[in-house]
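Per-entry structural report
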There are 2 protein chains.
Amino acid sequence: MELFSFVNDALVPAGQASLLIGDLAIQRGYGIFDFFKTLDHRPIYLDDHLDRFFASAAAMRLEVGKTREQLRAMLTTLIEKNGIADSGMRIELTGGYSPDGYTLTQPNLIIQQQPLGTPVTAELHKSIRLITHPHQRQLPGIKTIDYLMAIWLAPVIREAAADDVLYHWNGVVAECPRSNFFIVTAEGVLVTPARDILKGITRMKILEAAGARLRVEVRELRLEELRSAKEAFITSTTKHILPATQIDGLPVGDGAVGPVARWLSEELYELVRKAG
Amino acid sequence: MELFSFVNDALVPAGQASLLIGDLAIQRGYGIFDFFKTLDHRPIYLDDHLDRFFASAAAMRLEVGKTREQLRAMLTTLIEKNGIADSGMRIELTGGYSPDGYTLTQPNLIIQQQPLGTPVTAELHKSIRLITHPHQRQLPGIKTIDYLMAIWLAPVIREAAADDVLYHWNGVVAECPRSNFFIVTAEGVLVTPARDILKGITRMKILEAAGARLRVEVRELRLEELRSAKEAFITSTTKHILPATQIDGLPVGDGAVGPVARWLSEELYELVRKAG
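Along each chain, the written sequence defines residue order, and numbers are assigned to residues from 1. For this description, chains carry letters from A and ligands carry numbers from 1, given in the order in which they are written. Given that the model is predicted, a residue must reach a pLDDT of at least 70 before its local features are reported, and side-chain atom pairs must reach 80 or more before they are shown or counted; all residues, however, enter totals for whole chains, interfaces and linings.

Quick look at the overall build of chain A
The test is simple: Each helix is a run of DSSP H or I of at least 4 residues and each strand a run of E of at least 2, with the numbering of both proceeding from the N terminus. C-alpha atoms define the radius of gyration, and 2.2 Å times the number of residues to the power 0.38 defines the globule rule. The contact rule is simple: place each C-beta atom from the backbone, and if two of them lie within 7 Å, those residues are in contact.
A tally of regular secondary structure across chain A gives seven helices and 16 strands. In terms of C-alpha radius of gyration, chain A reaches 19 Å, essentially the compact-globule figure of 19 Å for 276 residues. In terms of its C-alpha atoms, chain A occupies a principal-axis envelope of roughly 55 × 40 × 30 Å. Excluding contacts between residues fewer than 6 apart, the proportion of contacts in chain A whose partners are at least 24 apart in sequence is 70%.

Written as structure tokens, this is what we have:
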């Protein structure tokens with residue numbers, strides 16, 4: 001089945017959707033995006049993602065050039081045209097076709113949809129191993145297209161027989177390249193970093209839900225706190241919750257998936273099914 | 001006159017040269033490039049630029065997919081076809097059409113040529129004003145396409161009535177986004193930062209030439225040393241040497257273009273004319 005994408009106002013077959021090479025994403029890596037999923041043709045947490053998309057665009061001095069309603073209409077067109085029930089949708093705004101290859105101009109807008117295998121049960125069948133790496137993302141609160149360090153580190157992660165990387169800087173834990181990070185302390189407190197991170201929509205939903213049963217702290221998380229944590233997990237739109245049972249080769253807690261991750265996975269599963 | 005570009009092996013009109021949106025430069029800002037100029041149809045310091053291009057590609061785990069001789073042949077084709085005597089040529093390698101939008105695959109190669117007004121005399125007719133900004137570029141020794149911070153700072157530079165920004169981190173001066181930075185100390189020593197910078201070809205030529213008359217130090221340059229400098233200037237392929245006569249609103253030395261910048265501008269002008 002042929003999928004379609006938007007490039008600005010043109011609905012084009014995904015295999016032909018292109019940007020001219022003068023675009024500032026190609027020339028200078030300059031762009032922002034957001035990513036959400038659909039379940040049964042229904043966008044999940046779309047308002048939250050559109051809020052963040054418009055905020056990222058404004059912070060990077062990019063004019064969206066569409067109202068929120070116009071974007072919604074384009075998404076609806078794509079969802080109807082492509083007919084993929086469960087999908088990932090990506091909206092990107094680039095620096096545009098700059099005459100001098102450097103100065104911002106009218107942005108280009110890209111909207112893509114692809115099938116996405118989203119978690120189909122609340123049960124956690126998988127856990128991951130993390131390595132830590134000293135790095136502070138530039139402009140961390142903005143969802144830019146800059147994944148230079150993350151992709152560059154792929155072989156380092158592979159050689160360590162790990163699944164992903166956790167960034168820290170000056171002893172303070174931040175995030176994974178495409179996920180937020182949480183621990184459960186020995187005292188049973190749920191902790192996630194407060195600053196210098198991309199604030200994920202799933203992170204926000206977890207923080208809202210967790211307070212019903214747990215003490216929650218959004219604060220500076222020190223690297224050494226990982227050693228005494230009972231549980232650790234990462235969260236993202238695609239992954240929901242993935243327990244990290246090993247960090248830098250050492251087990252987290254007893255090395256097994258913990259009860260807080262299991263409970264929050266069930267909560268999130270229910271929340272997402274009800275959302276839209 | 002219609003110009004041509006290469007996109008991989010295809011010679012295409014520049015106005016139609018494009019990449020599919022699945023490319024990792026568009027999706028993730030992942031790519032490297034190099035830029036050199038031609039004078040009278042002759043590439044300047046091409047071997048140095050190709051050395052750096054291959055080094056950047058290897059450091060970013062990107063396969064060039066062409067030998068140096070094949071790249072030279074493509075450049076020659078473009079130079080003959082486009083017929084621009086004095087030009088800037090840009091070779092870029094991106095992360096390629098990644099099936100999952102994240103994992104590196106076979107890179108895409110782009111070669112572009114555009115008219116470039118290169119300095120036509122050795123005389124310095126212009127000086128610039130800099131502001132300083134705390135920032136350390138990620139992977140600074142590699143010529144990646146990441147200019148996120150530089151372009152983001154454009155309005156900040158404009159509001160300060162300045163022309164460019166000088167990065168520093170932990171009190172140590174590094175570079176401008178597209179230029180290297182030098183000072184002449186009160187004692188007449190030429191100093192340029194040693195580490196955590198992109199090592200420019202023009203910087204290298206200046207360092208080679210300056211030793212004939214000056215003491216040259218390639219070392220850590222502290223921010224506070226700017227206050228007592230007699231001269232400051234930036235260097236790049238496009239700009240050659242541009243004196244910075246004001247930094248953060250304060251004059252450098254007596255605020256006029258100094259004799260070292262004038263002399264090195266003449267030296268560089270002669271070197272570049274003889275190069276090829």
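Focus: unusual backbone geometry
Glycine aside, negative phi is the norm for most residues, and most peptide bonds take the trans geometry. Residues and elements named next belong to chain A. For clarity, the threshold we go by: The burial criterion counts other C-beta atoms lying within 10 Å of a residue's C-beta, which is placed from the backbone; the residue is buried at 20 or more, exposed at 12 or fewer, and partly exposed between these limits.
Despite not being glycine, Asn8 has its phi angle at roughly 55 degrees, a positive value. Along the polypeptide, Asn8 turns up in the loop between β1 (4-7) and β2 (10-13). The partly exposed category is assigned to Asn8, around which 14 C-beta atoms lie within 10 Å. Its identity as a non-glycine residue notwithstanding, Tyr45 has a phi of 55 degrees, on the positive side. Looking at where Tyr45 falls in the secondary structure, it is placed in the loop between β5 (42-43) and α2 (46-59). Residue Tyr45 is classed as buried on the basis of its 20 C-beta neighbours within 10 Å.

Brief notes about the interface of chain B and chain A
Facing 31 residues of chain B, the contacting portion of chain A comprises 31 residues. Secondary-structure elements contributing two or more residues to the side of chain B that touches chain A are β1 (4-7), β3 (18-20), α1 (24-28), β7 (109-115) and α4 (148-152) of chain B.

So, the sheet that holds β7 of chain B
Residue and element names in this part refer to chain B. Here is the rule: Two strands are counted as paired when DSSP detects at least two bridges linking them. Note on method: axes are straight lines fitted to C-alpha atoms, helices fitted across the in-contact stretch only, with angles between N-to-C directions ranging 0 to 180 degrees.
Strand order in this open sheet of six strands is β2-β1-β7-β6-β4-β5, and the pairing throughout is antiparallel. Looking at which strands have only one partner, the edges of the open sheet turn out to be β2 (10-13) and β5 (42-43). Here strand β4 (residues 31-39) pairs with strand β6 (residues 87-94) via eight bridges, running antiparallel. Note that in β6 the partner of Gly31 across the bridge is Thr94. Contacts between helix α2 (residues 46-59) and the sheet are confined to β4, β5 and β6, with β4 contributing the most and set at about 175 degrees to the helix.

Some details on the nonpolar core
Formally: Each nonpolar core consists of buried Ala, Val, Leu, Ile, Met, Phe, Trp, Tyr and Cys residues. Their C-beta atoms, within 7 Å, join them into a set.
In this structure, Ala25 and Ile111 of chain A together with Ala25 and Ile111 of chain B are the most contacted members of the largest nonpolar core, which totals 72 residues. When residues no more than four places from it in sequence are discounted, the contact partners of Ile111 of chain A are Ser5, Phe6, Met74, Leu75, Leu78, Met89 and Ile91 of chain A.

Overview of the environment of Val156 of chain B
Residues and elements named next belong to chain B. One can find Val156 in helix α5 (residues 154-159). A count of 12 C-beta atoms within 10 Å places Val156 in the exposed class. Each C-alpha atom, one on Val156 and one on Ile131, is 9.1 Å from the other, the two residues being 25 residues apart in sequence.

Side note on the confidence of the model for chain A
To be explicit about the condition: Each residue carries a pLDDT score, the predictor's confidence in it, ranging from 0 to 100.
Mean pLDDT for chain A: 96, with 98% of residues reaching 70 or above. For this predicted complex, the interface confidence comes out at an ipTM of 0.96, alongside a pTM of 0.96.

Structural notes on the sheet that holds strand β7 (residues 109-115) of chain A
All names here are of chain A. An order of β2-β1-β7-β6-β4-β5 is seen for the six strands of this open sheet, with the pairing classed as antiparallel. Of all the strands in the sheet, the pair left with one neighbour each is β2 and β5. Contacts between α2 and the sheet are confined to β4 (31-39), β5 and β6 (87-94), with β4 contributing the most and set at about 175 degrees to the helix.

Here we look at the relation of the copies chain B and chain A
Our working rule: A residue counts toward the fit only if its pLDDT is at least 70 in both copies, and the copies are then superposed by least squares on the C-alpha atoms of those residues.
If you rotate chain B by 180 degrees and push it 0.0 Å along the axis, it lands on chain A with an RMSD of 0.0 Å. Each copy turns onto its partner about a two-fold axis. Identified as the residue of chain B closest to the rotation axis by C-alpha distance is Gly29 of chain B, at 2.1 Å. Counting the interface residues of chain B, we find that 100% of their copies in chain A are interface residues as well, pointing to one common contact surface.

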